[in-house]
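# Understanding the architecture of this molecule
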Amino acid sequence: MKFDAQDCKLVAKTQLTPTIYDFRLQNAQLAEITKPGQFAHLLVPGKTLRRPISICDVEGDIIRLVFEVRGEGTKILSETEIGNTINMICPLGKGFDIPKGKKIIFIGGGIGVPPMLYSAKTAGENAVVINGFRDKSAVILTEDFQKIGCKLIETTDNGSYGIHGFVTQPLEEMIDEADLICACGPTPMLKNISAIAKQHSKKCFVSLEQRMACGVGACLGCAVGIKRDDGSITYKHVCKNGPVFKAEEVAW
């Protein structure tokens, strides 16, 4: 597969928290082919390195990216000024396959919350979203989820906002009503969601977070263990074969 890098104009920028930024990049060609759960690979201005960022939403010719500053690369990206261009390879990876007319529970944890927005919007009125955060200061995108008309449940670890506890609590309370579960967030959260889905015989897909360099399957640096039918383990790559996998396949 050929991957084209294209320059995208930064048309809007918002700082959501001290470390999380909301970028809106304009490129009609890329927006048209982007699906929920996929990601973009952005060239850091003035550097030769790229950083992977999940797609938060698509609105017309605008691709929306919400990311957290975690190092030098994302720090430089966050300083990009409106009107400048960012070189981007997009869309990359395998996203969520979202069937119409099904009741789907979307679960996001921390910076795994943004990709749930486009996913839930695509699912429509039957979507239920459970988002979990560390505390009230980390809560993002509440109004955006409310605007798409989904049922929204928010939790915080310390009870400073929403339900006191983890996303698994409301999940267990409503899982019997679900046809499908889609989740993105920290590995321990995904592992627990996977176990609950298996216990209730529910289909579950997870979007894995993994450090990656090339983003297109060339460097082989983002390998993850996947179970074969015979119980043995093989390795696939989050950038090329994922980031979305069947939860039951992942070797937690």
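Criteria and thresholds
- Residues numbered from 1 in each chain as written.
- Predicted model: local features only at pLDDT ≥ 70, side-chain atom pairs only at ≥ 80, totals over all residues.
- Heavy atoms only, no water.
- Helix = DSSP H or I, 4+ residues; strand = E, 2+ residues; numbered from the N terminus.
- Rg over C-alpha atoms; globule rule 2.2 N^0.38 Å.
- Buried < 20%, exposed > 50% of the residue type's maximum accessible area, 1.4 Å probe, protein only.
- Contact = heavy atoms within 4.5 Å.
- Areas by Shrake-Rupley, 256 points an atom, 1.4 Å probe, with all protein chains shown as cover.
- Phe/Tyr/Trp six-rings, centres within 6.5 Å; stacked < 30°, edge-to-face > 60°.
- Patch = residues over 30% accessible without salt bridge, like charges linked within 9 Å, V, L, I, M, F, W, Y side chains within 5 Å.
- Salt bridge = Lys/Arg side-chain N within 4 Å of Asp/Glu carboxyl O.
- Lys, Arg positive; Asp, Glu negative; His and termini not counted.
- Charge placed at Lys NZ, Arg CZ, Asp CG, Glu CD.
- Pairing = 2+ DSSP bridges.
- Right-handed = clockwise from strand over helix to strand, strands pointing away.
- Expected span 1.5 Å × (residues − 1).
- Arc of directions from axis to C-beta.
- Axes fitted to C-alpha atoms, helices over the stretch in contact; angles between N-to-C directions.

Turning our attention to the overall build of the chain. From N to C terminus, the chain includes six helices and 15 strands. The C-alpha radius of gyration computed for the chain amounts to 17 Å, which stays within 12% of the reference 18 Å derived for 252 residues, consistent with globular compactness. Principal axes of the C-alpha set define a box for the chain whose edges measure 50 × 45 × 35 Å. Buried residues in the chain amount to 50% of all 252 residues. For the chain, contacts bridging at least 24 residues in sequence account for 59% of all contacts bridging at least 6. Roughly 12,100 Å² of accessible area belongs to the chain as shown, and the carbon and sulfur atoms make up 47% of that amount.

Attention now moves to the packing of aromatic side chains. One pass over the full model with this rule turns up two aromatic pairs. The interplanar angle of 90° and the centroid separation of 5.1 Å between the aromatic rings of F23 and F67 together place this pair among those described as edge-to-face. One end of the pair, F23, is in strand β2 (residues 20–26); the other, F67, is in strand β5 (residues 62–68), and 44 residues separate them in sequence. The buried category is assigned to F23, whose relative accessible area is 0%. Grouped by ring-pair contacts, the aromatic residues Y21, F23 and F67 constitute a single cluster.

Here we come to a positive patch on the surface. Judged by side-chain charge, K94, K102, K203, K236 and K246 come together as a positively charged surface patch. Tracing the sequence through the fold places K94 in the loop between β6 (85–92) and β7 (104–109).

A few words now on the pairing of strand β12 (residues 203–207). The element β12 is largely enclosed, with a buried count of four among its five residues. Inspection of the sheet shows strand β11 (residues 180–184) paired to β12 by five bridges, in the parallel sense. Within β12, the position partnered with C182 by the bridge is F205. The handedness of the β11 to β12 crossover, carried by helix α6 (residues 187–199), is right-handed. Where β12 lies against strand β15 (residues 244–246), three bridges are found, and the strand directions are antiparallel. Bridge pairing in β15 places V206 opposite F245.

Glancing now at α6. Given 3.6 residues to a turn, an α-helix orients residues that are three or four positions apart in the same direction. Between its first and last C-alpha atoms α6 spans 18 Å; for 13 residues at 1.5 Å apiece the expected length is 18 Å, and the two agree. Those residues of α6 that fall on the buried side of the exposure criterion are M189, L190, I193, S194, I196 and A197. Angular distribution of buried residues about the axis of α6 spans 165°; they occupy a single face of the element. Residues of α6 that are exposed and point more than 90 degrees away from the buried face comprise P188, K198 and Q199.

With that out of the way, let us pick up helix α3 (residues 114–123). Counting buried positions along α3 gives eight out of ten residues, so the element sits mostly inside the fold. Every buried residue of α3 is accounted for by P114, P115, M116, L117, Y118, S119, A120 and A123. Just beyond α3, the residue with positive phi is G124, at close to 90°.

Quick look at the sheet that holds strand β10 (residues 163–164) now. Each strand in a sheet pairs with its neighbour through backbone hydrogen bonds, running either in the same direction (parallel) or in the opposite one (antiparallel). Read from one edge of the open sheet, seven strands run β10-β9-β8-β7-β11-β12-β15, paired in mixed fashion. Looking along the sheet, the strands with just one partner apiece sit at the ends: β10 and β15. Taken together, the five bridges between β7 and β11 define a ladder with parallel strand orientation. Pairing of I104 across the sheet is with L180, part of β11. Docked against the sheet, α3 engages β7, β8 (127–133) and β11, running at close to 170° with respect to β7.

For the structure on display, the rule yields ten salt bridges. R64 is the salt-bridge partner of D22, the closest N and O atoms lying 2.6 Å from each other. Here D22 is found in strand β2, whereas its partner R64 is found in strand β5, with 42 residues between them in sequence. Judged by relative accessible area, D22 falls into the buried class, the value being 3%. Within this structure, D22, R24, E59, R64 and D144 form a network of salt bridges that share partners.

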